[in-house]
Amino acid sequence: MAGKEGTFRSPKRAWKKVVASSPLVVETLDLREVILARCNLNWRKVIFESDCLSLIEACRKDKVVAEIQGIVVDILTVSEGFIHWGFTWVQHQSNKVALQLSQASTPQLPSSVLGVDTARLAC
């Protein structure tokens, strides 16, 4: 299977390119980076939103997605460091607003990727 290329921003705000088996894997890696960044900033109450239903269902333990299961285990382990945390699905249109806000604050970023600052992802 040919890999899919994706781009995401690490907690140090450097853009990383990855080759993954699917966009879902890239989204899952991005979420893990966002969670690690929030943990390192000592945030204690967080809600992570995504328009990627499969990712949210996996993080809520509603569904096992073999392709991302190992990364989801990492996400859940790190998330235990928060006092209050959750994963919420939002409609794609809602994430477009977050994307626009993110791009307004950092206009040099690629238009297809949502930055870490909003803790919201697009699938």
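Data block above holds the structure.
## What to know about the overall build of the protein
Here is step 1 of the chain: Secondary structure summary: the protein contains four helices and five strands in total.
Here is step 2 of the chain: The 123 residues of the protein split such that 42% are buried.
Here is step 3 of the chain: Restricting the contact set of the protein to residue pairs at least 6 apart, pairs at least 24 apart contribute 62%.
Here is step 4 of the chain: Summing over all exposed atoms, the protein offers an accessible surface of approximately 6,800 Å²; the carbon and sulfur share of this is 55%.

## Quick look at the pattern of salt bridges
Here is step 1 of the chain: As enumerated under the stated definition, the model contains two salt bridges in all.
Here is step 2 of the chain: Here Asp 74 and Arg 32 are joined by a salt bridge, their closest N and O atoms 3.0 Å apart. You can see Asp 74 sitting in helix H3 (residues 69-79) and its partner Arg 32 sitting in helix H1 (residues 23-40), a full 42 residues away along the chain.
Here is step 3 of the chain: Between Lys 63 and Glu 57 there is a salt bridge; the shortest N-O distance is 3.4 Å.
Here is step 4 of the chain: Its relative accessible area of 34% is what places Lys 63 among the partly exposed residues.
Here is step 5 of the chain: Using a relative accessible area of 21% as the deciding quantity, one classes Glu 57 as partly exposed.

## Remarks on the packing of aromatic side chains
Here is step 1 of the chain: Tallied over the full model, the rule gives three aromatic pairs.
Here is step 2 of the chain: Measuring from centroid to centroid gives 6.1 Å for Phe 48 and Phe 82, while their planes differ by 55 degrees, and the two rings are tilted. Pair noted here: Phe 48 is in strand S3 (residues 45-50) and Phe 82 is in the loop between H3 and strand S4 (84-89), with a separation of 34 residues, a long-range link.
Here is step 3 of the chain: When its relative accessible area of 2% is taken as the criterion, Phe 48 is described as buried.
Here is step 4 of the chain: With a centroid separation of 5.6 Å and an interplanar angle of 70 degrees, the aromatic rings of Trp 85 and Phe 87 are classed as edge-to-face.
Here is step 5 of the chain: The class of Trp 85 is partly exposed, set by a relative accessible area of 30%.
Here is step 6 of the chain: Taking relative accessible area as the criterion, Phe 87 reaches 5% and is therefore assigned buried.
Here is step 7 of the chain: The structure contains a cluster of three or more aromatic residues connected by ring pairs, namely Phe 48, Phe 82, Trp 85 and Phe 87.

## Remarks on the packing of H1 against H3
Here is step 1 of the chain: Interaxial distance between H1 and H3 falls to 10 Å at its minimum, and their mutual angle equals 15 degrees. By the angle between their axes, H1 is roughly parallel relative to H3. Our pair here, H1 against H3, has a crossing hand that is left-handed. In this structure, H1 uses Val 25, Thr 28, Leu 29, Leu 31, Arg 32, Ile 35, Leu 36 and Cys 39 to contact H3, whose residues at the interface are Ile 71, Val 72, Asp 74, Ile 75, Val 78 and Ser 79.
Here is step 2 of the chain: The class makeup of the residues in the contact of H1 with H3 is ten nonpolar, two polar and two charged.

The rules behind the values
- Residues numbered from 1 in each chain as written.
- Predicted model: local features only at pLDDT ≥ 70, side-chain atom pairs only at ≥ 80, totals over all residues.
- Heavy atoms only, no water.
- Helix = DSSP H or I, 4+ residues; strand = E, 2+ residues; numbered from the N terminus.
- Buried < 20%, exposed > 50% of the residue type's maximum accessible area, 1.4 Å probe, protein only.
- Contact = heavy atoms within 4.5 Å.
- Areas by Shrake-Rupley, 256 points an atom, 1.4 Å probe, with all protein chains shown as cover.
- Salt bridge = Lys/Arg side-chain N within 4 Å of Asp/Glu carboxyl O.
- Phe/Tyr/Trp six-rings, centres within 6.5 Å; stacked < 30°, edge-to-face > 60°.
- Axes fitted to C-alpha atoms, helices over the stretch in contact; angles between N-to-C directions.
- Parallel < 35°, antiparallel > 145°, perpendicular 65-115°, else oblique.
- Left-handed = near helix turned anticlockwise from the far one by under 90°.
- Nonpolar A, V, L, I, M, F, W, Y, C, P; charged D, E, K, R; others polar.

Nothing here speaks to function; it is geometry throughout.
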